[in-house]
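Examining the three-dimensional arrangement
Here is what each chain is made of, one letter per residue.
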Amino acid sequence: MSTRYAFVGLGHRARMYIDALLGDWQDTGTIVGLCDVNQTRMDYYAERIGDDVPRFRPDEFGKLLELADAVVVTTVDATHARYVVVALDAGLDVIVEKPLTVDAEGCEAIAAAAERNPGKLVVTFNYRYSPRNSAVKRLLSAGEIGEVTSVHFEWTLDTIHGADYFRRWHRERVNSGGLLVHKSTHHFDLVNWWLAAAPELVFAQTDLRFYGQALPRGPRPARGQGAPGLGTDPFILDISADEHLKRLYLDAEHEDGYIRDQDVFGPGVTIDDNMSVLVRYANRAMLTYSLTAHAPYEGYRVVFNGTEGRIELEVCERSWTPPHAAIDPSAATKQHAAGAWERLTLHRHWQESEEIPIEQGAGGHGGGDRLLLDDVFRGPGDDPLGRPAGYRDGIRSVLVGAAATQSAVTGRAVRLTDDGTRLTDASGP
């Protein structure tokens with residue numbers, strides 16, 4: 001049976017799902033309608049889908065739902081809860097990009113709607129499907145290092161990828177929840193999934209040390225387009241150089257005033273670029289996590305200490321940052337960046353270390369994106385790793401970030417209850 005899909009939010013993030021339904025997954029469903037605040041963006045995607053595809057403004061979202069069986073939500077993070085709840089209450093299935101929402105209130109609204117309606121809610125955590133992350137899950141599930149006692153997780157965003165969050169709507173916490181929600185929701189979900197345990201106590205410290213007006217830098221252009229430093233300043237983005245971005249944003253900004261290439265060192269940045277988080281889990285495992293958004297290279301390192309050994313996953317996605325303005329290349333492109341490598345090592349007590357092979361597939365995230373799209377559009381099969389994520393998984397990952405943000409403001413630990421799905425106001429010891 002072919003599913004009728006509607007899309008709300010027609011920015012760059014929608015492209016993967018639209019291309020899938022127009023390509024290798026076209027047998028699973030059709031696109032029956034689009035919704036966005038910006039007509040130009042809807043028209044751009046309509047050229048790809050078919051000029052006769054219906055287009056709706058946000059205040060006409062109810063009319064869009066009448067055409068569909070399922071809705072794909074790829075709007076600004078802070079609006080996710082609004083669209084997810086309305087779609088579920090209309091009896092539809094929902095596919096929502098990470099993060100599920102940006103705060104505890106949104107989580108509560110979505111949970112209530114999911115529990116009172118029969119519709120299926122899927123959160124698209126594609127990192128679970130990456131071969132290296134799946135390989136870690138297999139080792140942990142097999143008990144290769146016994147019971148996990150601690151996890152150390154460092155993620156570095158370089159000055160291509162990290163900087164881009166400070167050009168666009170993500171730079172305002174009210175829109176994105178900050179990087180501990182928007183970006184780290186991926187990482188917290190990985191740890192929750194790897195450990196198969198619920199987070200219960202969170203403490204954090206964060207700061208803005210590099211972007212925004214953290215450092216004195218002298219006069220700078222408010223945006224990239226038309227700036228005198230275009231082509232010489234590595235932090236200035238030439239949005240007109242990429243046809244896709246030009247059509248989606250530069251050609252569309254006259255409608256809603258959204259500027260996609262704001263100066264990363266300009267005023268108005270309300271998110272942080274350095275974050276350190278401690279999390280205690282219900283199974284007594286402890287997580288130390290850090291995120292840096294201005295590193296000279298891109299990658300991550302995660303270490304698991306257990307009662308019978310240690311697992312180390314080291315990943316370099318881009319070994320250095322080319323000195324030119326650019327947004328983050330696709331995951332598929334990053335796989336071929338100069339110096340990219342990955343290594344998974346198993347250390348068991350009283351044994352020599354063992355390098356674990358990582359199988360790669362075609363496409364983004366080592367073939368993980370294709371596996372995710374299969375689960376999203378064809379339905380999940382019998383997956384022993386439990387990679388498909390539901391709304392409770394989405395809530396847990398958001399609330400770790402929300403709790404960390406609260407902790408950084410108050411200086412006190414924050415508790416999570418109800419299997420990690422509810423944030424309390426009570427501080428930890």
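Attention here is on the structure that accompanies the text. Small disclaimer: the values here were computed from a predicted structure and weren't measured. (Residues numbered from 1 in each chain as written. Predicted model: local features only at pLDDT ≥ 70, side-chain atom pairs only at ≥ 80, totals over all residues. Heavy atoms only, no water.)

1. Considering the pairing of strand β13 (residues 341-348)
Both strand β12 (residues 309-318) and β13 contribute to a ladder of eight bridges, which runs antiparallel. Bridge pairing in β13 links Val315 to Glu342. Hairpin connection between β13 and strand β14 (residues 354-355): a loop of five residues separates the two successive antiparallel strands, and Trp350 in this loop has a positive phi of roughly 70°. (Pairing = 2+ DSSP bridges. Helix = DSSP H or I, 4+ residues; strand = E, 2+ residues; numbered from the N terminus.)

2. With respect to the packing of aromatic side chains
For the structure on display, the rule yields 18 aromatic pairs. Judged by centre distance (5.3 Å) and plane angle (70°), the rings of Tyr44 and Tyr45 are edge-to-face. Neither residue differs from the other here; Tyr44 and Tyr45 are each classed as buried. When the centroid spacing of 6.0 Å and the interplanar angle of 55° are considered together, the rings of Phe210 and Phe235 count as tilted. Here Phe210, found in the loop between β8 (199-207) and α11 (243-248), pairs with Phe235, found in the loop between β8 and α11; they are 25 residues apart in sequence, far enough to count as distant. Each member of the pair Phe210 and Phe235 is classed as buried. An aromatic cluster of at least three residues, connected via ring pairs, comprises Tyr127, Phe153, Trp155, Phe188, Trp194, Tyr289, Tyr300 and Phe304. Directly above the ring of Phe210 sits Arg217, whose terminal nitrogen or CZ lies 4.9 Å from the centroid. We note Arg260 situated over the ring of Tyr249; from NZ or CZ to the ring centre the distance is 5.8 Å. (Phe/Tyr/Trp six-rings, centres within 6.5 Å; stacked < 30°, edge-to-face > 60°. Buried < 20%, exposed > 50% of the residue type's maximum accessible area, 1.4 Å probe, protein only. Lys NZ or Arg CZ within 6 Å of the ring centre and 35° of its normal.)

3. Focus on the sheet that holds strand β5 (residues 93-97)
Strand order in this open sheet of six strands is β3-β2-β1-β4-β5-β6, and the pairing throughout is parallel. At either margin of the open sheet sits one strand with a lone partner, and together these are β3 (55-56) and β6 (121-124). The strands touched by helix α2 (residues 39-49) within the sheet are β2 (29-35) and β3, with β2 carrying the most contacts at an inclination of about 160°. (Contact = heavy atoms within 4.5 Å. Axes fitted to C-alpha atoms, helices over the stretch in contact; angles between N-to-C directions.)

4. Details of the environment of Thr3
Looking at the secondary structure, you find Thr3 in strand β1 (residues 3-8). On the basis of relative accessibility, which here comes to 21%, the residue Thr3 falls in the partly exposed class. Once the C-alpha coordinates of Thr3 and Gln26 are considered, the two residues, 23 residues apart in sequence, prove to be 10 Å apart. Ignoring anything within four residues of it in the chain, the contact list for Thr3 reads Thr28, Gly29, Thr30, Asp69 and Ala70.

5. A short note on the pairing of β12
Counting buried positions along β12 gives nine out of ten residues, so the element sits mostly inside the fold. The loop that links strand β11 (residues 298-306) with its antiparallel partner β12 comprises two residues.

6. Let's talk about the packing of helix α1 (residues 15-22) against α2
The interhelical angle for the contact between α1 and α2, taken along N-to-C directions, is 20°, at an axis separation of 11 Å. Taken together, α1 and α2 sit at an angle that is classed as roughly parallel. Our pair here, α1 against α2, has a crossing hand that is right-handed. Residues Arg15, Ile18, Asp19 and Leu22 of α1 pack against Tyr45, Arg48 and Ile49 of α2. Partitioning the contact of α1 with α2 into residue classes produces four nonpolar, no polar and three charged. (Parallel < 35°, antiparallel > 145°, perpendicular 65-115°, else oblique. Left-handed = near helix turned anticlockwise from the far one by under 90°. Nonpolar A, V, L, I, M, F, W, Y, C, P; charged D, E, K, R; others polar.)

7. Here we look at empty space enclosed by the protein
Taken as a whole and judged by the stated rule, the model has three cavities of 30 Å³ or more. Empty space within the largest cavity amounts to approximately 50 Å³. Taken together, Arg167, Arg220, Pro221, Arg223, Gly224, Phe235, Ile236, Leu237, Asp261, Gln262 and Asp263 make up the lining of the largest cavity. Of the residues contributing to the lining of the largest cavity, the split by class is four nonpolar, two polar and five charged. (1 Å grid on protein atoms, 1.4 Å probe; cavity = no way out; pocket = protein on both sides within 12 Å on 5 of 7 lines; lining within 4 Å. Points joined across faces, edges and corners; volume = space filled by probe spheres on them.)

8. Quick notes on the side chain of His170
By the secondary structure assignment, His170 is in the loop between α7 (161-164) and α8 (173-176). In this structure His170 comes out as buried when scored by relative accessible area, which is 3%. For His170, the residues in contact, after removing those within four places along its chain, are Tyr165, Ser176, His182 and Ile271.

9. Details of the packing of helix α6 (residues 131-141) against helix α10 (residues 184-195)
For the pair α6 and α10, the least separation of the axes is 9 Å and the interaxial angle reads 30°. Regarding the angle of α6 to α10, the classification is roughly parallel. Where α6 approaches α10, its residues Asn133, Ser134, Val136, Lys137 and Leu140 are matched on the opposing element by Leu190, Trp193 and Trp194. Residue classes in the contact of α6 with α10 are distributed as five nonpolar, two polar and one charged.

10. Remarks on α6
Where burial is concerned, most of α6 is hidden: nine out of the eleven residues are buried. Those residues of α6 that are buried are in contact with β7 (148-158), α10, β11, β12, β13 and α14 (368-378). Immediately downstream of α6, the backbone of Gly143 shows phi near 70°, a positive value.

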